[in-house]
Structure formats: structure tokens, C-alpha cells
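Observations on chain architecture
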Amino acid sequence: MKLLPKSGVAGFIKELSKTREVVAPVSDGESYAVFKSVAPGETPIIDGSRFILSPRSWFMPGYEVLFETKDGEIVDKTPETKAYATIGLYLADAHALEVFDRVFLDGDKPDPYYNARRADNAIFALVPAKKRWSVFWGMTGNVCDWKKACDVVMYDLGSEFVMEPMTDRGAELTKSLADADDSKKAAADALLARYDEGEVDVKAIGERLMWDNPKWEEVSRKCVACGVCTYGCPSCSCFDMRDDLKCGGAERYRCLDSCQHADFTLMGSGYNPRPGRMPRTRQRLLHKFKYQPEQFGMIGCVGCGRCVELCPVGIDIRKIVGGKETK
Amino acid sequence: MTDKLREEAKRVLREGIAEMVIGWAEGSAEFKTTPFFAFTEEDCDRLVWNTACVNNLAKYLTDYPKEKKIALCVKPCDSASVNVLIAENKVLRENIYVIGLACGGVIDPIKAADAGTCELSDATAKYACLHCVHDKPEVADIVLGEAERKLTPAGEDMPPFEERRKYWEKEFDKCVRCYACRQVCPNCYCEQCFADRTDPKWTSRKPTAGESWMFHAVRVMHMAGRCVGCGECERVCPKSIPVEKLSREMAKYVKDIYDYTAGMGEKPLLGTYKDEDYDAGVHEE
């Protein structure tokens, strides 16, 4: 394990940016922090002082042109693979990338757009010093296992970060830092243990979240179908593809979509299999806690708590999954 | 205060004034409450009233048929939303029992979590509360409590005219077109929003600054004389775009030109047409 004092973060990022494009949460002062390429002189927010939106917006942008047509010819818009380093995403977000990998990279047709940003991306995942009230990592998986999804795990100990390299690439990128002594290592482990609270029993959750549970009606009554839960989620991967005319041709682009919207399942015939808010709320929960465990062997929710904080009507996924509202 | 509210809610259900009471209940954290639907007197014991009661519950009125008898807890700004719905004939006054609550401002749960306190102050207040124009509930069958306003009113926050294009281009560039601002608005009740229409296609789903500009501009036009400034749209925005600034600017024009404040009149703005009204661009000499 290595040590990185907080005063040395700017220098570390500067050093890193010589070989890799650094992506980290930054804020313009008024809004929540968002992941983007860090411009020289910009200070990323990795001290937990501000609400950080999920890194999904960088790995899967809200607007991405897949190809264009120009004078009858198709112009490919697949981005070039570059070397990136993503710093300051939560450990849970790093695990969410594993869910994304199942969706976008498994099978015989991996998604080249996502892969271009994922293939050579050193992940520096953060374990924040202050556990926000909404966080429930431990309820959705074995937090210690998630470390495998990272190149380096950064434990925030207040005045410094303990950096634990998990891969050769991670070790290479942190080799210039000083070594951490045993007391720091113990502090780092203790910090992670605080996040590993809660039980994971996929089978019990599955039984509680029965399709025909009468409680769904009650759970979804206050939902306003705004979809903020899905837009804020680091592991929601649904998108829409649309075509638009533009000067001299057309473009096909990908944009975000949400299962909470009425037109998500609306068919050309006018029939909508999920006509109300109840089936849509149920879909979000079942997809993450029932269908994805069946498909991928892992829960689709990573417990980052963003939906809990962002939900304007205070729907708390923990209470639904934990059984307080569905039993 | 919470006790008085519970008593009143119980009375309303007991005497059959309404079939259900829509209010707030305790949420997952001290700075978070959640909308709550009470059907029995027992349920009423879960109702609360505090500075974390941020939701504008008038949103739920249009979920139910007009004939249903509903009791609704409102803050002064929410009450103005109810008044807009009444003026536009979306709800019937006689079927709605309005429990007004005196309010000195509410907190924004995310700001409060960042600050680590749920004490109401200028830093933790919902931004719209710093621009509040509602002293008392406009429509209410009963008003509970008294409140003192301690927040410092915010001044003009629209950038100067010359800088606006640049400012809003930057803001709208963030928009992901989730339409949460529309969904949470009590007075956005169209069955199909123009933004969801594919034929004709008014605006593309593409979340570029230009297309998002179209959506927000049309929304603010549709809300002219209807937006009461509760600020829910701004609060829910997952990208923290200050959309309420546009509506506030619009409200100023409506006040200047037609001397009308949304939620204060018996008729909607368009229903107050007079021949001598100012109509720039139509009959300009």
C-alpha cells in the first residue's frame, strides 16, 4: 500500500496526465460534481465535500453519435481508444462498471463505443472518509470483492489517501509514492469495514419482490415518474437510438432512456405493456434485484445511494428491498 | 404543530370530509420527508410537519378523478398551485379540503446532506424559498400554525441581458432531457407533452444545448402566468440546472404587462383577456 497526502493530489494528477487522459468529478461551483476530462488547473472533487453524479455520464454519454451519412456515404464515428485514468469514482461505481461490462462487452458483439473508453482505463476508486446517509454498499454485495474491479483503491483517511494497487497497471502508476505503514493499512481496512454493513440474501430479496406483491401499488403511489433514479444510477444502462436529419445527411445517435418513462415500452400499435407507474417502479426493482442476478450472477444495484438522495419524493430503495415496505 | 396537523387529519377522515389525506411522513433521514397518503385515522399518526416538508403535494391531485374527495396539506406556494388547478378546472374546489400550513421556508435535502445539518438557513434552504412571494395560503379551509420568515431574500439572479445567451447555452448543455422538471410540476398535467410527440416532432430528443433550449423555452411559455414559483423543477433537476430562473423572469413579465400573479386570481391568465391588453408583435404600430 502507498500513501498520497491530500496536498500532493494535484501533483499526482499532473504526473498522471502526462501518460493518460485524467477523468474525475469536477464542479463549476454551483452544480453537483460531474465526471469529465480534467483540464489543467482544475481541481477534482474527491474529498466527499459535494454530491457527485455517477460516472455513467462519462462512460455512456447522454448524446453519442454512432454514425453519420454524408452524400450517401456512411461515416463511422467510433471513438479512438485512448489511455484514460478515472479518479474519484466510488468503489461501488467501479463495481457498476462490472455490470456495464456484462451488458456491453459480453457476447460476440462487444460495443465498440463503450469499449473505446473502457479498454485502457485505469480505475482509481474511492472509499470516502464520510459515509453519506444514503450509502448501502454492503446490502448489495461483498464490498471486498469489488476491489477486483479497480486498479487502485483510494482510502480517504482525512488528510491523506492510502492507495492500494490491485493490478500491475495500478502498481506501475503508484510506484513513485511513499509506502504506507501498518497502522495506515489497519485504518484503511477499518474504513472499508464500515461500508460492508448489511446482509445480502438474493434469494430472500427475490421472494420479497414477487411480481404480484400487493405492496407494489403502495410503494409506487407517490412516484411521479420523473426517472431521476435511473438517470442518477451508475449501473442503469438503458439507451435509445434515434435518427435525425442534419445539413447534408443524417445521423444516428444514442441517448439515455429510462424505464420510468411512459414511452419506454410504448409500441408502434399504441399498446403499452407497462401503462402505469406501478409496473414501471416494479420493473426497476425487479431488473436490478431479480433479473440481473439471474442473468449475470450479480445484483444490478451497487448501493451508491444516489437514487435515494435524488428522488424528489423520497422513495427509498433500501426500504423496498430490505422488506420494510414490501413485507 | 405536527400534533395539530394529525388531529385535523383525523377529524377530516372521521367526519367524512375526505376519503384520504395527502401529507408528508418521515423519510429515511432527518432532512428528508416523503409524501404520504393517509386513509385511516391510524395512518394519520405518521403525518409530520417540519422544515423538511419540501414536496409540493398538489402534484398528486390530478392523479385522481375530480369527484374524489381529497384533503391536501399545503404550504403557501403549494396552495397557489392548487388555486391554478382550480382556476383551470382540473380539480373542483368543493371536493378538495385544503389544510394550509404556515411556512417560513423549507430545506433542500441534498444541500442539507452536504452541509451535514437540517437547520434551516440561507445555505440549506431550497433555493426557491429565497425568492418566496407567498405569505399565506391563497386557498385553504384551515390554516395551522404561525411562521416567521428568517431567510434572507435573494435578489435578481438572471444574468445581464448581454450575457444570457452564453449563460443558458452552458446550462442547457448539461440537460439530459430526463424531463424530471416537467414530471414533478403540479401544473404540468398535459396527457401528452409536446416533447414526447413524434408526429409532428417539435423537438428532437438529442440532449444538445440547442434542442434542450427548445424544450425549456416552450415549457416556460406554457407556464406563463401559471408557474407559482414553488421551485420543485429546480430542486429535482439531476444536473442542477436553475430552470426556475426562467419561470421567475417570465412571472416578472406577466406581472409587469398584465398585472397578474400566478395562483392569486380566480381566473387563469388567458381567461382575463381584455381588448386593451398589450400584445407586442401582433398589433404593434
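Every value quoted in this text rests on a predicted model; they were computed, and no experiment measured them.

Further remarks concern the overall build of chain A. A tally of helices and strands in chain A yields 13 helices and 12 strands. Counting only C-alpha atoms and orienting by the principal axes, one finds that chain A spans roughly 65 × 60 × 40 Å. Across the 327 residues in chain A, those meeting the buried criterion constitute 54%. Intrachain contacts of chain A at a sequence separation of at least 6 include 71% that bridge at least 24 residues. Summed over its atoms, the accessible surface of chain A is roughly 14000 Å², and 52% of this surface lies on carbon and sulfur atoms. Taken as two groups, the 46 positive and 48 negative side-chain charges of chain A have centres that lie 4 Å from each other.

With that out of the way, let us pick up the sheet that holds strand S8 (residues 152-156) of chain A. Residue and element names in this part refer to chain A. What the eight strands build is an open sheet, ordered S3-S2-S6-S7-S8-S9-S1-S10; its pairing is mixed. One side of each edge strand has no neighbouring strand; the edge strands of this open sheet are strand S3 (34-37) and strand S10 (178-179). Relative to S8, strand S7 (residues 121-127) runs parallel, the two being bridged by four bridges. For Val127, the partnering residue across the bridge sits in S8 and is Tyr155. Lying on the sheet, helix H7 (residues 182-195) is in contact with strand S1 (2-5), S7, S8 and strand S9 (160-165); it crosses S8 at an angle near 90 degrees.

Turning next to the pattern of salt bridges. Evaluated as defined, the whole model comprises 49 salt bridges over all chains. A salt bridge links B:Asp135 to B:Arg149; the shortest N-O distance between them is 3.4 Å. Taken together, the residues span a long stretch of sequence, with B:Asp135 in the loop between helix H4 (109-115) and strand S6 (142-144) and B:Arg149 in the loop between S6 and helix H5 (164-174) at a distance of 14 residues. Members of the salt-bridge network, linked through shared partners, are A:Glu68, A:Lys77, A:Asp244, A:Lys246, A:Glu251, B:Lys201 and B:Lys206.

Looking at the largest pocket, its volume works out to about 1200 Å³. If you trace the largest pocket, you find 42 residues lining it, with B:Cys190, B:Glu191, B:Gln192, B:Cys193 and B:Asp196 closest to the centre. Broken down by secondary-structure element, the contributors of at least two residues to the lining of the largest pocket are strand S11 (239-246) and helix H11 (277-296) of chain A together with helix H6 (180-183) and helix H7 (209-222) of chain B. By residue class, the composition of the lining of the largest pocket is 12 nonpolar, 12 polar and 18 charged. Each of domain 1 (2-144) and domain 2 (161-275) of chain B accounts for three or more of the residues forming the lining of the largest pocket. For the second largest pocket, the calculated volume is near 870 Å³. Residue lining of the second largest pocket: 32 residues in total, with A:Phe35, A:Ser57, B:Asp173, B:Lys174 and B:Lys239 positioned closest to the centre. Residue classes in the lining of the second largest pocket are distributed as 15 nonpolar, seven polar and 10 charged.

Thresholds applied
Residues numbered from 1 in each chain as written. Chains lettered and ligands numbered in written order. Predicted model: local features only at pLDDT ≥ 70, side-chain atom pairs only at ≥ 80, totals over all residues. Heavy atoms only, no water. Helix = DSSP H or I, 4+ residues; strand = E, 2+ residues; numbered from the N terminus. Buried < 20%, exposed > 50% of the residue type's maximum accessible area, 1.4 Å probe, protein only. Contact = heavy atoms within 4.5 Å. Areas by Shrake-Rupley, 256 points an atom, 1.4 Å probe, with all protein chains shown as cover. Lys, Arg positive; Asp, Glu negative; His and termini not counted. Charge placed at Lys NZ, Arg CZ, Asp CG, Glu CD. Pairing = 2+ DSSP bridges. Axes fitted to C-alpha atoms, helices over the stretch in contact; angles between N-to-C directions. Salt bridge = Lys/Arg side-chain N within 4 Å of Asp/Glu carboxyl O. 1 Å grid on protein atoms, 1.4 Å probe; cavity = no way out; pocket = protein on both sides within 12 Å on 5 of 7 lines; lining within 4 Å. Points joined across faces, edges and corners; volume = space filled by probe spheres on them. Nonpolar A, V, L, I, M, F, W, Y, C, P; charged D, E, K, R; others polar. Domains from an automatic or database assignment.

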